[in-house]
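# Commentary on secondary and tertiary structure
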Amino acid sequence: MGDETSTSVAPQEQESTVQAGSVKQQLSGLVLMSLRATVPEVEVEPMVEVSAKFADYQCNNAMGLWSKVKGSGTSFKNPNAIGQAIAKNLPSSDIIESTSVAGPGFVNIVLSNRWVAQRIQDMLVNGIKTWAPILPVKRAVIDFSSPNIAKEMHVGHLRSTIIGDTLARMFEFSNVDVLRRNHVGDWGTQFGMLIEYLFEKFPNWQEIGSQAIGDLQIFYKASKHRFDNDPEFKARAQQGVVRLQGGEERYREAWKKICDISRSEFDLVYKRLNVVLEEKGESFYNPYIPQVLEELSSKGLIKESEGARVIFIQGHQIPLIVVKSDGGFNYASTDLAALWYRLNVEQAEWIIYVTDVGQQQHFDMFFSAAKMAGWLPGPNEKKFPKTSHVGFGLVLGSDGKRFRTRSTEVVRLVELLDEAKSRSKSELLQRLTENGKIVDWTDEELEQTSEAVGYGAVKYADLKNNRLTNYTFSFEQMLSDKGNTAVYLQYAHARICSIIRKSNKDVEDLKMTGAISLDHPDERVLGLYLIRFAEVVEEACTNLLPNVVCEYLYNLSEMFTKFYTNCQVVGSPEETSRLLLCQATAVVMRQCFNLLGITPVYKL
């Protein structure tokens, strides 16, 4: 990369190593001070990235700055000279061991081994929460899962639920107040159909309660068949929606009953997945719709078109319908009211919607309408509040088509999760029986481990993919202990716990009395990767991509394997330091599992 010059940076003896933010954020702070000293006349953001080859991190500002100051009477002769000045003007810090400048001004930064070791030790003493990244928002709404009342939760809801829960966990870890919202479909036209069918079949439904409906899926299909084939019933059902939405007591009672039964079915899935949500369904926002539409009308955004009221969005051939031609409200009117509420009442700075990619156009139009209303900054302004649509692809079967059962029905999530646990348990029993360790396990341990491994396998198989792509559902691949799977990672974590147990040392005591050193190259590689954890979570939150955490977790387990292969732990002169590195790896792995909603296991 051309001529290279090096400088060492003397560490400050008294500077604390416990500092807020990721390593990248801390280095960016130092680079920003240097940039202000180097080119005070130019406003510029620090460009700091991990360096794979030449150092630990790299500052890439010099070329961009050269293009701005060239020809303005600057004393700098070329980008390399700017790079030299940036390196020279870096404030003295115990973070940086040395810097070098290569090629057209790339500033290569090598971190101090002592600082890296101390940062890991600080985390062990003070907890992984001290490594939480600092995000630019204090409160976010994450709208996810969102099944329709009286319909089965299917594999599409599984993706939304798993991805949304992981995003919520990442933001919560980063000290953001997260409002986990379940925007269930509880106010649509299907309720007229369901309520009228209930009244017809069971005039005394209030007396027999839930038994009247029985299996909600069968009840829904029967009422839908009637709706599609009986014009008189269809007319009654359509009138029933009006009576429900008009507040008629008998209809409201029946609606509440149907919602309660549906909710208890959803809760079976949420309990298995260990997902917490607060329901604020479509009905919650219904009272706010008239005032929201009034505000949009007063701003001249709503126009009459073919009997409907619509908002014309630039770049879209069809308008956004906010009041249908029959006077009814729809998704767009509810979503606008919900957004107004989230911005004005809940005071959220970032509102994130997790749905399949097929709804992209709806969200593009709905967000554009909110920008036209002045609720959100313009498209080119990088300001908050902001909205994001987190789209995801399909779950496919082995035939490459949408994942369904043999009878082409949607897959019931409860049954799918139960099967994952059952398969996990049978494999665990077989392995423990073969290696003679079954006697060391209680029935409770077998149950809990099978559940953790089975459910974790389903979650990880989804989350490790870029969410925008389709993925093929395969129990065989999910539950394999080879390659990038949750089972492999659970084994890796359990093995680290086993190493620590076999040492017969009290790690809690070692954290307070021992010290970490990173003298062996594989110790240093592992240590550096551990301290990158915060910026990985920051990247995953910023780009709303959970697979970034999965990739980090898998790479970390691979780096640990290399370290353990080349660096003897138990019985070596460096035993204390290396046990602490083992413990730090286990702690970071556990936090990754936690962010992904996976329960770690300590023995396998």
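Everything numeric here is computed off the predicted structure, so don't read it as measured data. (Residues numbered from 1 in each chain as written. Predicted model: local features only at pLDDT ≥ 70, side-chain atom pairs only at ≥ 80, totals over all residues. Heavy atoms only, no water.)

## So, the sheet that holds strand E6 (residues 139-143)
Sheet strands pair by backbone hydrogen bonding; their relative direction is either parallel or antiparallel. Let me state the cut-off plainly: By definition, two strands form a pair when at least two bridges between them are found by DSSP. Helix and strand definitions follow DSSP, with helices as H or I runs of at least four residues and strands as E runs of at least two, each counted in order from the N terminus.
The strand order E8-E7-E6-E12-E13 describes an open sheet built from five strands, whose pairing is parallel. The sheet is open, and its two borders are formed by strand E8 (278-279) and strand E13 (386-392), each paired with just one other strand. As paired strands, E6 and strand E7 (residues 177-182) are joined by five bridges and run parallel to one another. Its bridge partner lying in E7, isoleucine 142 is registered against arginine 180.

## As for the side chain of aspartate 56
How we decide: Throughout this description, a polar contact denotes any pair of N or O atoms lying within 3.5 Å of each other; where both atoms belong to protein, one of them has to be capable of donating a hydrogen while the other can accept it, and for residues adjacent in sequence the pair is counted only when both atoms sit in side chains. Only heavy atoms enter the contact rule, under which two residues are in contact if any of them lie within 4.5 Å.
Among the structural elements, aspartate 56 can be located in the loop between strand E2 (48-50) and strand E3 (57-59). At 2.8 Å, the side chain of aspartate 56 and the side chain of arginine 524 are in polar contact. Apart from residues no more than four positions distant in its own chain, aspartate 56 is found in contact with Val50, Ser51, Ile109, Val110, Leu111, Arg524 and Leu528.

## Quick notes on the sheet that holds strand E10 (residues 308-311)
Selection rule: Helix axes are fitted to C-alpha atoms over the stretch in contact, other axes to C-alpha atoms as well, and angles between N-to-C directions run from 0 to 180 degrees.
Spatial ordering of the open sheet is given by E9-E10-E11, a layout of three strands whose pairing is antiparallel. Whereas interior strands pair on both sides, the edge strands pair on one side only; in this sheet they are strand E9 (302-305) and strand E11 (320-323). When the angles between neighbouring strand axes are averaged without regard to direction, this sheet yields 45°. Relative to E11, E10 is paired through three bridges, and the arrangement is antiparallel. If you follow valine 310 over to E11, its bridge partner there is isoleucine 321.

## Thoughts on the UniProt feature "domain: Arginyl tRNA synthetase N-terminal" (unreviewed entry) in the chain
Inclusion rule: UniProt positions are given in the numbering used here, feature names are shortened, and annotations may be inferred rather than shown by experiment.
The UniProt feature table records "domain: Arginyl tRNA synthetase N-terminal" (unreviewed entry) at residues 25-111. Spanning residues 25-111, this segment combines 37% helix with 22% strand, and its end C-alpha atoms are found 14 Å apart.

## Some words on the environment of glutamate 535
Applicable threshold: Between buried and exposed lies partly exposed: a residue is buried under 20% and exposed over 50% of the maximum accessible area for its type, with that area taken using a 1.4 Å probe on protein chains only.
Within the secondary structure, glutamate 535 is located in helix H21 (residues 533-543). Residue class for glutamate 535 comes out buried when judged on its relative accessible area of 5%. The spatial distance from the C-alpha of glutamate 535 to the C-alpha of isoleucine 134 is 9.3 Å, given a sequence separation of 401 residues. Discounting chain neighbours no more than four positions away, the residues touching glutamate 535 are Ser22, Val23, Lys24, Val50 and Tyr57.

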